[in-house]
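Letter by letter, the chains look like this.
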Amino acid sequence: MKRIALAALAATAVMATPAMAASAQQSTAFIAKRAIVCDLTGVVQEIDFGDLGNLGTAGAQTDNGINLLCNQPFSVNLKSQNGYLKLSATNPANLATGEAAPFTSGANPGFAAGLDYTATATVGSNTFTGNSSQILAGNVGVNLGNSPAVSVTGASIVYNTIPGTLPLLGGDYNDTLTITLTTLGV
């Protein structure tokens, strides 16, 4: 009888024990990608100061409607072909003796064969001004610093000549300014 009681007790214990719960787990990884964009559009291809005054005075020229979108922090670099507005001369002796004001003409003492200029950019609520005297001619650029990511439409740049102390030689003056934006990563 003890055996029957023990068997009955064991059977009751087995029935009272809950069945083992089943479990399943699955993970899902989400991935996406946004292309890195750093665009500068709407910059005019030519600024014409027109007729320069005796010392290089000219009316300000404004380039409106510039759009800038860089979706990462970026650096700004400027390069200048000449480093200033340079006289186009067929005789090299008429050119300036250096890349800094007063740009004295080698063959024409008392006259200038070059002229500095400024560029003032208004991007949103920020204003930045630089002038050509900060930039040497050639492939060596000037880093203006770094900026956080930005999206601006309708920015503007105002260009002005910086009158010199010597009268300018007659002729055509030119320079090419290149702006390079380089993303820095996040």
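Look up: the structure comes first, before these words.
Worth saying up front: this structure is predicted, and the values here are computed from it rather than measured.

Asks: Just to check I follow, could you spell out the overall build of the protein chain for this structure?
Replies: Secondary structure summary: the protein chain contains one helix and 10 strands in total. Put simply, the protein chain runs from its N terminus to its C terminus through helices and strands in the order α-β-β-β-β-β-β-β-β-β-β. Computed over C-alpha atoms, the radius of gyration of the protein chain comes to 35 Å, more than 25% over the 16 Å expected from 2.2 N^0.38 for 186 residues, which places it beyond the range of a compact globule. When burial is assessed residue by residue, the protein chain has 25% of its 186 residues classed as buried. When the accessible surface of the protein chain is split by element, carbon and sulfur atoms take 57% of a total near 12200 Å².

Asks: Sorry, what's going on with the state of the cysteines here?
Replies: As used here, a disulfide is simply a covalent bond connecting the sulfur atoms of two cysteines. Evaluated as defined, the whole model comprises one disulfide. The disulfide that involves Cys-38 links it to Cys-70, with 1.8 Å between the sulfurs. Residues Cys-38 and Cys-70 share a disulfide whose torsion about the S-S bond is about 65°; that sign makes it right-handed. Of this pair, Cys-38 sits in strand β1 (residues 38-41) while Cys-70 sits in strand β2 (residues 61-70), and the two are 32 residues apart along the sequence. In this structure Cys-70 comes out as buried when scored by relative accessible area, which is 1%.

Asks: How should I be thinking about the sheet that holds strand β3 (residues 74-80) in this particular structure?
Replies: Pairing between sheet strands relies on hydrogen bonds along the backbone, with the strands arranged either parallel or antiparallel. With antiparallel pairing, the three strands of this open sheet are ordered in space as β7-β3-β10. Two strands close off the open sheet at either side, each with one partner strand: β7 (142-147) and β10 (177-183). Taken pair by pair, the neighbouring strands of this sheet meet at an average axis angle of 20°, ignoring direction. In this sheet, β7 lies alongside β3 in antiparallel orientation, the contact comprising five bridges.

Asks: Looking at this structure, how should I read the nonpolar core?
Replies: Taken as a class, soluble globular proteins show a tendency for nonpolar side chains to be buried jointly. Counting 27 residues, the largest nonpolar core has Leu-85, Val-123, Ile-157 and Tyr-173 as its most contacted members. When residues of this core are traced back to their parent elements, those giving at least two are β2, β3, β4 (85-87), β5 (114-123) and β8 (150-162). In terms of residue count, the dominant contributor to this core is β5 (five residues). Setting aside residues up to four positions removed in sequence, Val-123 forms contacts with Leu-68, Val-152 and Ala-155.

Asks: Sorry, what's going on with the side chain of Asp-63 here?
Replies: The residue Asp-63 is located in strand β2 in this model. No salt bridge is formed by the buried Asp-63; the nearest opposite charge belongs to Lys-79, separated by 20 Å. A polar contact of 3.0 Å, which involves the side chain of Asp-63, links it to the backbone nitrogen of Val-44.

Asks: Is there a simple way to explain unusual backbone geometry in this structure?
Replies: Note: most residues except glycine have negative phi, and most peptide bonds are trans. A cis geometry characterises the amide bond from Ala-101 onward to Pro-102, with omega recorded as 15°. Here Pro-102 shows up in the loop between β4 and β5. Phi is positive for Phe-103, close to 55°, though the residue is something other than glycine. Mapped onto the secondary structure, Phe-103 falls in the loop between β4 and β5.

Asks: Just checking my understanding: could you explain the pairing of β5 for this structure?
Replies: Along a regular strand, successive side chains alternate from one face of the sheet to the other. Among the 10 residues of β5, eight are classified as buried, and the element is accordingly described as predominantly covered. Pairing analysis gives two bridges linking β4 to β5, with the strands arranged antiparallel. Following the sheet pairing, Lys-86 is matched in β5 by Gly-114. Of the strand pairs in this sheet, β5 and β8 are connected by seven bridges, and their pairing is antiparallel. Along β8, the bridge assignment pairs Thr-120 with Val-158. As defined by bridge partners, β5 adjoins strand β6 (residues 126-131) across six bridges and the pair is classed as antiparallel. Across the sheet, residue Ala-121 finds its bridge partner in β6, namely Phe-128.

The rules behind each value
- Residues numbered from 1 in each chain as written.
- Predicted model: local features only at pLDDT ≥ 70, side-chain atom pairs only at ≥ 80, totals over all residues.
- Heavy atoms only, no water.
- Helix = DSSP H or I, 4+ residues; strand = E, 2+ residues; numbered from the N terminus.
- Rg over C-alpha atoms; globule rule 2.2 N^0.38 Å.
- Buried < 20%, exposed > 50% of the residue type's maximum accessible area, 1.4 Å probe, protein only.
- Areas by Shrake-Rupley, 256 points an atom, 1.4 Å probe, with all protein chains shown as cover.
- Disulfide = S-S within 2.5 Å.
- Pairing = 2+ DSSP bridges.
- Axes fitted to C-alpha atoms, helices over the stretch in contact; angles between N-to-C directions.
- Core = buried A, V, L, I, M, F, W, Y, C linked by side-chain atoms within 4.5 Å.
- Contact = heavy atoms within 4.5 Å.
- Lys, Arg positive; Asp, Glu negative; His and termini not counted.
- Salt bridge = Lys/Arg side-chain N within 4 Å of Asp/Glu carboxyl O.
- Polar contact = N/O pair within 3.5 Å; in protein donor to acceptor, adjacent residues only side chain to side chain.

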